[in-house]
Amino acid sequence: MAISIISYFKIPKLSYRVWKVWHRNMDVFMKTFKVNFIPPFLEPLLYLFALGFGLGTYIEGIEGISYPRFIAPALIAISIMNSSFFECTYGSYVRMYYQKTFDGIIATPLSIEEVITGEILWGATRSLINTTIMLVVIAFFGLIDLRYSLLVIPLSFLAGLLFASIGMCFTAISPNINSMNYPTFLFITPMFLLSGTFFPLSILPASAQYFAIAFLPLTHVVSITRALTLASPSWFMILNLVWIIIASLVLFVLSINLMKRRLIV
Amino acid sequence: MNSAIANPRITNSIIVAEGLEKRFDEFRAVDGVSFNVRKGEVFGFLGQNGAGKTTTMKMIQCVSPRTGGRLEVFGMDVDTHQQEIKKLLGVAPQENNLDPDFTVYENLMVYSRYFDIPRDEAKEIIEELLDFFQLSEKRDTLIEKISGGMKRRLMLARALVNKPGLLVLDEPTIGLDPQARHLIWDKIKSMRDKGNTIILTTHYLDEAERLCDRLVIMDHGKILVEGKPDELVREYVGTNVVEAENNPEVKACLQRKDMKYEVVGDRIQIHTNNPHDITSALLEECHLGFITARSATLEDVFLKFAGRKLRE
C-alpha cells in the first residue's frame, strides 16, 4: 500500500526537451493569435461592467475599497485559474486522445514525462499571457496600483503551474472528454464564487474560511493578487505563496505519474 | 576475451529479441518471440489482427515496456536506453497521428525540432522529402485537406526526417486505394534500395511478398514460422496450387489416389511442385466441376498456418 502511493510521487526525469512541446503549442497559438487575444480582452470588460460598475453601484465598498477595485484582482486570479486549467484539461485531452499528438511526440527522443511537463508549462504560459492582457485593460480603468501590480505577471505563471497540474491530474483520470464536466462544475465553479472573489472570505463561518484556505487554491491566488493590486502587502502573502509552491510541486509530480499510468501500457 | 565479437554494436544485427514477452495481466499479447533483424533488410511481421505485431513494434519503439525476455535495438536495451534508441528510429504508426494544427511543411518542421535538427539542415531535408514523396504542391495545406494516401506518405516522410537507422512501419498501406498503395510500395522499395533497414507489419500478404526480404508469421503472440517469402512458399506449399471444387466425389477420388489436400472454404487445394501431372490425373480420373492451377503464394502459406490454428 505504502509502495503504491509512493509510486504516484516518483520524481520525473526531465531535460531541456520539455520546451519543444511548449514551442509546438506556442506555434499553434500564434497561428490564431488574433482570436486568442479576444477572450482575455473582453472577459474583464464584461465582468467589470456587469458586476463592478453595474451591481457595484449598490455596494458601498468592501473594507473601504470600492467594489470594482475589490473584484478587479479576483478577475485576474480567476483568469489565471481558467486559462491554465482549461488548457490542460480540454486542450490537453484533445491533443492526447483525439489528435494523438502525444503519441507522435513520444516516438521521438522525448519521453512522456517531458511531453506532460511541456503541456503544463504551456498551460502556465497561457495564464501569463492572459493575465498580462487583462492587467493592461484593468489598469486602463485605474483599478489597480501599478507599483506592485507588475508582480502579478510572474505570479500568474507560478499559479498557472498549479492549475495546469490540477487540470492534468483530471485529464489523466478522465475516462472521456465529457467527464471533464465534473471537475469544472464541482471544483472550478465553486472556487470561482467562494474563494474571496466577489465577497470577502471573512463573512463566511470560520470553518468555511479554514476549508477555503486549506483546500481551495484560488483563495491563495486571489489573496496575493489583491494584496498586490491594492499595494497592501502583508505577511499572509508568504503563507499564500508557500501554499501555492508546495501544492504545485506535489500536484505536478502526481499529474505526471497519473499520466504515465494512463499512457504507458 | 574477444569482446569485439561479443559486442552486438559491431555485428550486423539491428534488433535482437529473445523470448520477448508482453503480458497484460493474464493475457499474453506477445508470448516469447525471438527474432533478429539485420542491417539493410526489410523484415516483415505478418498476422491477423491481434496477433501481437503492433505490440511488438511498440516494444521496439521503447514506448511499451516488455514484461519478459530480452530486446536490444542497435545493441542497446530498450528499457535503459530509450532516448538513444528513439533518436535513431523513424516510426510510422498504424494510426495517422499527424498534427492537425499544422500544414504539411510545418508538420515536418515541428517534428524535426524534436530531434534537435538545426533549422537550416531541417529545411534541406524537408525539401528533399517533400519532393521524394510528391508532396511539394501540398506543402502549405492543412492536414485535414489532404487525401488519405498523402497523409500516409507524409507519415513516411515524417519518419525519415531524422535520417533514421531503422524504420518502423506499422501497416503502411492500411485503408488505401490500389494506386496509393502502389505509390507507397515504390517509396518503401526505394528506401530499401538506399540501404535503410525497415521493419513493417501488415496483414496484406501481397504486400509482404513484394516488400519483405525476410518475415515472420505471428499468431496469438507467437511466431509460427520465419523465413524468406519465396522459400517459405516452396517449403510449406510447393511451387503451385491446384484448386478444385469441394464435393464428396472429388474428395473420394483424391483419397483413392492417396493425395494430400486441404479444404479451404468451398474449394479443395492440392499443394504441389508438379501441377501438370496432378491436373491431368484429376481430369482423367475424377469428375470435376472446375479445376485451376496457379503459382503458390504467401497467402497459401499463411492460410495453411492460420487454418491449422483454427482446427486446433
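Please read these numbers as outputs of a predicted model, since none were measured by experiment.

### Quick notes on the overall build of chain B
Stage number 1. Each helix and strand counted, chain B has twelve helices and 14 strands in total.
Stage number 2. Principal-axis analysis of the C-alpha atoms gives chain B an extent of 75 × 55 × 40 Å.
Stage number 3. Within chain B, the proportion of its 312 residues that are buried is 52%.
Stage number 4. Pairs at least 24 residues apart make up 68% of the contacts formed inside chain B by residues separated by at least 6 positions.
Stage number 5. Total accessible area computed for chain B in this model is approximately 14800 Å², and 47% of it derives from carbon and sulfur atoms.
Stage number 6. Across chain B, the 43 positively charged side chains and the 50 negatively charged ones have centroids separated by 2 Å.

### Some remarks on the sheet that holds strand S3 (residues 42-46) of chain B
All names here are of chain B.
Stage number 1. With mixed pairing, six strands are arranged side by side in an open sheet as S6-S7-S8-S3-S9-S10. Each end of this open sheet is capped by a strand with a single partner; those strands are strand S6 (89-92) and strand S10 (222-227). Across the sheet, the axes of successive neighbouring strands diverge by a mean angle of 15°, strand direction being ignored.
Stage number 2. By the bridge criterion, four bridges tie S6 to strand S7 (residues 166-170) in an arrangement that is parallel. Opposite Gly90, over in S7, you have Leu167 as the bridge partner.
Stage number 3. Of the strands in this sheet, S3, S6, S7, strand S8 (197-202) and strand S9 (214-219) are in contact with helix H2 (residues 53-60), which crosses S8 at around 150°.
Stage number 4. Helix H9 (residues 229-236) rests against S9 and S10 of the sheet, and its axis sits at about 100° to S10.

### Describing a negative patch on the surface
Stage number 1. Where like charges cluster on the molecular surface, the negative patch consists of Asp120, Glu121, Glu124, Glu128 and Asp131 of chain B.
Stage number 2. Mapped onto the elements of the fold, Asp120 of chain B is located in helix H5 (residues 119-132).

### Examining the interface of chain A and chain B
Stage number 1. Counting residues at the interface gives 23 residues for chain A, matched by 25 residues for chain B.
Stage number 2. Both sides together, the interface formed by chain A and chain B hides about 2200 Å², and carbon and sulfur atoms give 52% of it.
Stage number 3. Between the two partners, chain A and chain B, sit 15 residue pairs in polar contact (both at pLDDT 80 or more).
Stage number 4. At the level of elements, helix H2 (18-31) and helix H6 (101-106) of chain A are the ones that each hand at least two residues to the side of chain A that touches chain B.
Stage number 5. Ranked by residue count, the leading element in the side of chain A that touches chain B is H2 of chain A, at six residues.
Stage number 6. Classifying every residue of the side of chain A that touches chain B gives nine nonpolar, six polar and eight charged.

### Considering the pairing of S10 of chain B
All names here are of chain B.
Stage number 1. Direction of pairing for S9 relative to S10: antiparallel, over a ladder of five bridges. Bridging from a neighbouring strand, Met218 pairs with Ile223 of S10.
Stage number 2. Between S9 and S10, which pair antiparallel one after the other, the connecting turn spans two residues, and His220 there sits at a positive phi close to 50°.

### Concerning the domain arrangement of chain B
Stage number 1. With domains assigned, chain B is organised as domain 1 (3-227) and domain 2 (238-295).
Stage number 2. When each unit is reduced to the centre of its C-alpha atoms, the spacing between domain 1 of chain B and domain 2 of chain B is 41 Å.

### Describing the packing of helix H6 (residues 148-159) of chain B against helix H7 (residues 178-193) of chain B
Residues and elements named next belong to chain B.
Stage number 1. For the pair H6 and H7, interaxial distance at closest approach is 10 Å and the crossing angle is 15°. One element, H6, and the other, H7, form an angle in the roughly parallel class. For the element pair H6 and H7, the recorded crossing hand is right-handed. Across from Gly149, Arg152, Arg153 and Leu156 in H6, the residues of H7 making contact are Ala180, Leu183, Ile184, Ile188 and Met191.
Stage number 2. Residues of the contact of H6 with H7, tallied by class, amount to six nonpolar, one polar and two charged.

### Digging into the packing of helix H5 (residues 67-98) of chain A against helix H7 (residues 112-140) of chain A
Residue and element names in this part refer to chain A.
Stage number 1. Interhelical geometry of H5 versus H7 gives an angle of 150° and a closest axis separation of 8 Å. Seen from above, H5 lies across H7 with right-handed handedness. On the side of H5, the interface is formed by Ala72, Leu75, Ile76, Ser79, Ile80, Ser83, Ser84, Glu87, Cys88, Ser92 and Arg95, while H7 contributes Glu119, Ile120, Trp122, Gly123, Ala124, Arg126, Ser127, Asn130, Thr131, Met134, Leu135 and Ile138.

The rules behind these values
- Residues numbered from 1 in each chain as written.
- Chains lettered and ligands numbered in written order.
- Predicted model: local features only at pLDDT ≥ 70, side-chain atom pairs only at ≥ 80, totals over all residues.
- Heavy atoms only, no water.
- Helix = DSSP H or I, 4+ residues; strand = E, 2+ residues; numbered from the N terminus.
- Buried < 20%, exposed > 50% of the residue type's maximum accessible area, 1.4 Å probe, protein only.
- Contact = heavy atoms within 4.5 Å.
- Areas by Shrake-Rupley, 256 points an atom, 1.4 Å probe, with all protein chains shown as cover.
- Lys, Arg positive; Asp, Glu negative; His and termini not counted.
- Charge placed at Lys NZ, Arg CZ, Asp CG, Glu CD.
- Pairing = 2+ DSSP bridges.
- Axes fitted to C-alpha atoms, helices over the stretch in contact; angles between N-to-C directions.
- Patch = residues over 30% accessible without salt bridge, like charges linked within 9 Å, V, L, I, M, F, W, Y side chains within 5 Å.
- Salt bridge = Lys/Arg side-chain N within 4 Å of Asp/Glu carboxyl O.
- Buried area = accessible area lost by both parts, 1.4 Å probe.
- Polar contact = N/O pair within 3.5 Å; in protein donor to acceptor, adjacent residues only side chain to side chain.
- Nonpolar A, V, L, I, M, F, W, Y, C, P; charged D, E, K, R; others polar.
- Domains from an automatic or database assignment.
- Parallel < 35°, antiparallel > 145°, perpendicular 65-115°, else oblique.
- Left-handed = near helix turned anticlockwise from the far one by under 90°.

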